[in-house]
Amino acid sequence: MSDQEVGKGSPKSSSLSPYEEAMEALSSLITRRTRADGTNMGDQFDLLFDYLKMLDLEEPIANMKIIHVAGTKGKGSTCTFTESILRNCGFRTGLFTSPHLIDIRERFRLDGMEICEEKFLAYFWWCYDRIKEKTDDNIPMPTYFRFLALLAFKIFAAEQVDVAIMEVGLGGKYDATNVVQAPIVCGITSLGYDHMEILGNTLGEIAGEKAGIFKNRIPAFTVPQPDEAMHVLEEKASQLNVPLQVVTPLDAKLLNGLRLGLEGEHQYLNAGLAIALCFTWLKRTGHLGDIYLEQTDTLPEQFINGLTSASLQGRAQIVPDQHINSERSNELVFFLDGAHSPESMEVCARWFSLAIKEYNPDQTLFHQQPDNSKFSHEVVKMHHGERGSQRKSTPILLFNCLTVRDPQLLLPCLMKTCADQGVYFKKALFVPSLHAFNKVGPQAFTLTDSKVDLSWQFNLQRVWENLMQGSKGKSTDIVSEELKDDMEMSASNCEHSAVFSSLPLAIKWLRDRVQQNQSVRFQVLVTGSLHLVGDVLNLVKK
């Protein structure tokens, strides 16, 4: 929309487009407190039921055929597989996930597509105005994520979806999606240490929060878990008479020679969970006979189609820089993965190490589908031409993480796993977030600020340099000649790393390196934060 389009808001927002005006209203719901604030835990959870009454959503939610998924790792992937399978089975699907990478509408998908702007605005203002009108000092406006979850329920009810797949935002027990009283089936993905400042310091405590989505006698599935976590899940399930089953990873042979739509070995575990959720949903809604346990040697064609066509931005995603001249666009390639826990960082490192060896940009496949890393090993081997093999590969790390994460856990895990695969980063670049965390929409992407606080990035750099000093002698040619000069754009340049005051500056530095080193292919791993991944996508895909 153009800047001239005028919204219906107050005079001060009259210069905004209708969509920007909605983003301003949504931004007003973002609380200023940190995620680690203890009051986040179950903070007036019962208020959610007041909001449901205001929006007349109690009956629609009770009638909705919901799949509810919690977990530490793999929630988004499992939900994506689940949605894709049921859509390929012919059902109208609604999918609610978080976070978004570029646009808030990514969180609300209808039949696999993010909701259009026109529908989003209609549902947004219907919910916002109705709640605004009925709230007071005793019942304040809902916070940001709670409003988004309420909006998702409204959208899916109004759009009359056959199935609503709801991904928990944080935890489970007190998550806004947990107003669901009678889902069709629940799933718990892999559990690990994340958001410990809110969910607890042990796997048992974390598992207890996730198991909060269990409902009396409603079937639930999980994947193999550490003993401490599994014991808690089993105990909570027993208390609620929940039939809890543990699924195994999908056998790749069942895909008939095809590959999963989402890259990485860990996705076979998420796919196995998605299959169990879908079969159970089909069975409990009367769309399937009791065939799941009897036919483990084959998968229905619709399931195979759903699993192999699933796609999810920011997870094991490969994007050539689209700003460089088309004949040289493959000389700067971004490998994006929003890993932000030690376990997911290890998986990310294994994927990147394999992907940079497999990825051959000379294939026409990648000019048509630059976001898709699905290709067969055989095709790659056949198409490795001279031009690709003559170009020198230079792996670079582009990293940031939230201050609640521990870089002493994340960075060593990343470095060691890559080194075990023979991959050594020539340079690590550390940048602050482009996002203003109290804003959503286009205005969330802030411009470069000379006063930006880089103390966290300097800390990340110190951790990296110490790791590199400790690994001396274990790799060759760590410092590349093509990266030694032209570091005046950086705020702090060390032998193996640099801090930039903004992401656009780091991207510009990379593009300049490409222009000056035409025999080199720069392969940039972007990880540590989904916010960083979204920022990079926003810059390189324009």
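Everything numeric here is computed off the predicted structure, so don't read it as measured data.

### A few points about the overall build of the protein chain
Reasoning step 1: Assigned secondary structure in the protein chain consists of 19 helices and 15 strands.
Reasoning step 2: Each of the 542 residues in the protein chain was classed as buried or not, and the buried ones make up 56%.
Reasoning step 3: Long-range pairs, those at least 24 residues apart, make up 76% of the contacts in the protein chain between residues at least 6 apart in sequence.
Reasoning step 4: Accessible surface for the protein chain amounts to roughly 23,200 Å². Of this, 49% is attributable to carbon and sulfur atoms.

### Let's talk about the nonpolar core
Note on soluble globular proteins: their nonpolar side chains tend to be buried together.
Reasoning step 1: Judged by nonpolar contacts, the single largest core of 49 residues is most densely connected at L26, F120 and F156.
Reasoning step 2: Put simply, the parts of the chain that give this core at least two residues each are α1 (18-27), α2 (47-54), β3 (108-110), α5 (117-134), α6 (144-158) and β5 (163-167).
Reasoning step 3: Ranked by residues supplied to this core, first place goes to α6 with 11 residues.
Reasoning step 4: When near neighbours in sequence (up to four residues on either side) are disregarded, F120 contacts Y19, M23, I104, R105, F108, I115 and L151.
Reasoning step 5: Listed in part, the 38 residues of the second largest apolar core include C79, A274, L277 and L312.

### Considering the pattern of salt bridges
Reasoning step 1: Here the structure, examined in full by the defined rule, presents 12 salt bridges.
Reasoning step 2: A salt bridge links D111 to R92, with the shortest nitrogen-to-oxygen separation between them at 2.5 Å. Taken together, the residues span a long stretch of sequence, with D111 in the loop between β3 and β4 (113-114) and R92 in the loop between α4 (75-88) and β2 (93-96) at a distance of 19 residues.
Reasoning step 3: The shortest N-O distance in the salt bridge between K119 and E159 comes to 3.0 Å. Separated by 40 residues along the polypeptide, K119 in helix α5 and E159 in the loop between α6 and β5 bring together distant segments of the chain.
Reasoning step 4: Each of the salt bridges in this network shares a partner with another, and the network as a whole consists of R92, D111, K119 and E159.

### Structural notes on the sheet that holds strand β7 (residues 220-222)
Reasoning step 1: The sheet built from 8 strands is open, its strands ordered β4-β3-β2-β5-β1-β6-β7-β8 with mixed pairing. Both edges of this open sheet fall to β4 and β8 (244-246), since each of them pairs with a single strand only.
Reasoning step 2: Two elements, strand β1 (residues 66-70) and strand β6 (residues 185-188), share 4 bridges in a ladder whose sense is parallel. Residue pairing in the sheet places H68 in a bridge with C186 of β6.

### What about the pairing of β6?
Reasoning step 1: Along β6, one buried face is formed by V185 and G187 and the opposite face, lined by C186 and I188, is buried too.
Reasoning step 2: Pairing of β6 with β7 involves 3 bridges; the strand directions are parallel. Bridge pairing in β7 places I188 opposite T222.

### Comments concerning the pairing of β1
Reasoning step 1: Of all 5 residues making up β1, 5 are buried, and the element is well covered by its neighbours.
Reasoning step 2: The two faces of β1 match: I66, H68 and A70 on one face and I67 and V69 on the other face are all buried.
Reasoning step 3: In terms of strand pairing, β1 meets β5 through 4 bridges, oriented parallel. Counted as the bridge partner of I67 is I165 from β5.

### Observations regarding unusual backbone geometry
Reasoning step 1: Residue P99 is reached from S98 by a cis peptide bond, and omega for that bond is -5°.
Reasoning step 2: We note that N241 has phi near 55°; this positive angle belongs to a residue other than glycine.
Reasoning step 3: Judged by relative accessible area, which is 41%, N241 ranks as partly exposed.

### Quick look at the packing of aromatic side chains
Reasoning step 1: Evaluation of the coordinates by the stated rule reveals 20 aromatic pairs.
Reasoning step 2: Ring centres 5.4 Å apart and planes at 80° place the aromatic pair F335 and F352 in the edge-to-face group. Residue F335 is located in strand β10 (residues 332-336), and its partner F352 is located in helix α12 (residues 342-358); the two are separated by 17 residues in the primary sequence. For the residue pair F335 and F352, the accessibility class agrees, reading buried in each case.
Reasoning step 3: Through successive ring pairs, a cluster of aromatic residues spans Y19, F96, F108, F120, F124, W125, Y128, F145 and F147.

### Focus on the sheet that holds β10
Reasoning step 1: Taken together, the 7 strands give an open sheet; going across it, the order is β9-β10-β15-β11-β12-β14-β13, and neighbouring strands pair in mixed fashion. The open sheet has two edge strands with one neighbour each: β9 (317-320) and β13 (492-493).
Reasoning step 2: Note that strand β12 (residues 427-430) and strand β14 (residues 497-499) share 3 bridges and pair parallel. What sits directly across from L429, in β14, is A498.
Reasoning step 3: In this fold α12 packs onto β9, β10, β11 (392-399) and β15 (520-527), with an angle of close to 165° to the strand it touches most, β15.
Reasoning step 4: Packing against the sheet, helix α17 (residues 455-470) makes contact with β11, β12, β13 and β14, and its axis sits at approximately 175° to β14.

### Here we look at α4
Reasoning step 1: With 14 residues, α4 extends 20 Å from end C-alpha to end C-alpha; this agrees with the ideal 20 Å at 1.5 Å per step.
Reasoning step 2: Most of α4 is tucked away: 12 of the 14 residues are buried.
Reasoning step 3: When α4 is considered as a whole, its buried residues turn out to be K75, G76, S77, T78, C79, T80, F81, T82, E83, S84, I85 and L86.
Reasoning step 4: The inward-facing, buried residues of α4 contact β1, β2, β5, α10 (267-284) and α11 (301-309).

### Describing the side chain of N178
Reasoning step 1: Along the chain, N178 falls in the loop between β5 and β6.
Reasoning step 2: In this structure the side chain of N178 is engaged in a polar contact, spanning 3.1 Å, whose partner is the backbone oxygen of K173.
Reasoning step 3: Among the polar contacts made by the side chain of N178, one reaches the side chain of K215 at a distance of 2.6 Å.
Reasoning step 4: Among all residues touching N178, those that are not within four sequence positions of it are F45, H68, G172, K173, G212, I213 and K215.

### What to know about the environment of V540
Reasoning step 1: Relative to the helices and strands, V540 resides in helix α19 (residues 530-540).
Reasoning step 2: Here the alpha-carbon distance between V540 and H323, two residues 217 residues apart in the chain, equals 6.7 Å.
Reasoning step 3: Residues within four places of V540 in sequence aside, it is in contact with V319, D321, Q322, H323, F334, I507 and R511.

### Some details on the confidence of the model for the protein chain
Reasoning step 1: When pLDDT is averaged along the protein chain, the result is 85; 80% of the residues meet or exceed 70.
Reasoning step 2: Confidence drops under pLDDT 50 across residues 1-13; counting only partners more than four residues distant or on other chains, this segment forms 22 contacts.
Reasoning step 3: Per-residue pLDDT stays below 50 along residues 363-389; that stretch engages in 47 contacts with residues further than four places along the chain or on separate chains.

How each quantity is defined
Residues numbered from 1 in each chain as written. Predicted model: local features only at pLDDT ≥ 70, side-chain atom pairs only at ≥ 80, totals over all residues. Heavy atoms only, no water. Helix = DSSP H or I, 4+ residues; strand = E, 2+ residues; numbered from the N terminus. Buried < 20%, exposed > 50% of the residue type's maximum accessible area, 1.4 Å probe, protein only. Contact = heavy atoms within 4.5 Å. Areas by Shrake-Rupley, 256 points an atom, 1.4 Å probe, with all protein chains shown as cover. Core = buried A, V, L, I, M, F, W, Y, C linked by side-chain atoms within 4.5 Å. Salt bridge = Lys/Arg side-chain N within 4 Å of Asp/Glu carboxyl O. Pairing = 2+ DSSP bridges. Phe/Tyr/Trp six-rings, centres within 6.5 Å; stacked < 30°, edge-to-face > 60°. Axes fitted to C-alpha atoms, helices over the stretch in contact; angles between N-to-C directions. Expected span 1.5 Å × (residues − 1). Polar contact = N/O pair within 3.5 Å; in protein donor to acceptor, adjacent residues only side chain to side chain. pLDDT = per-residue confidence, 0-100.

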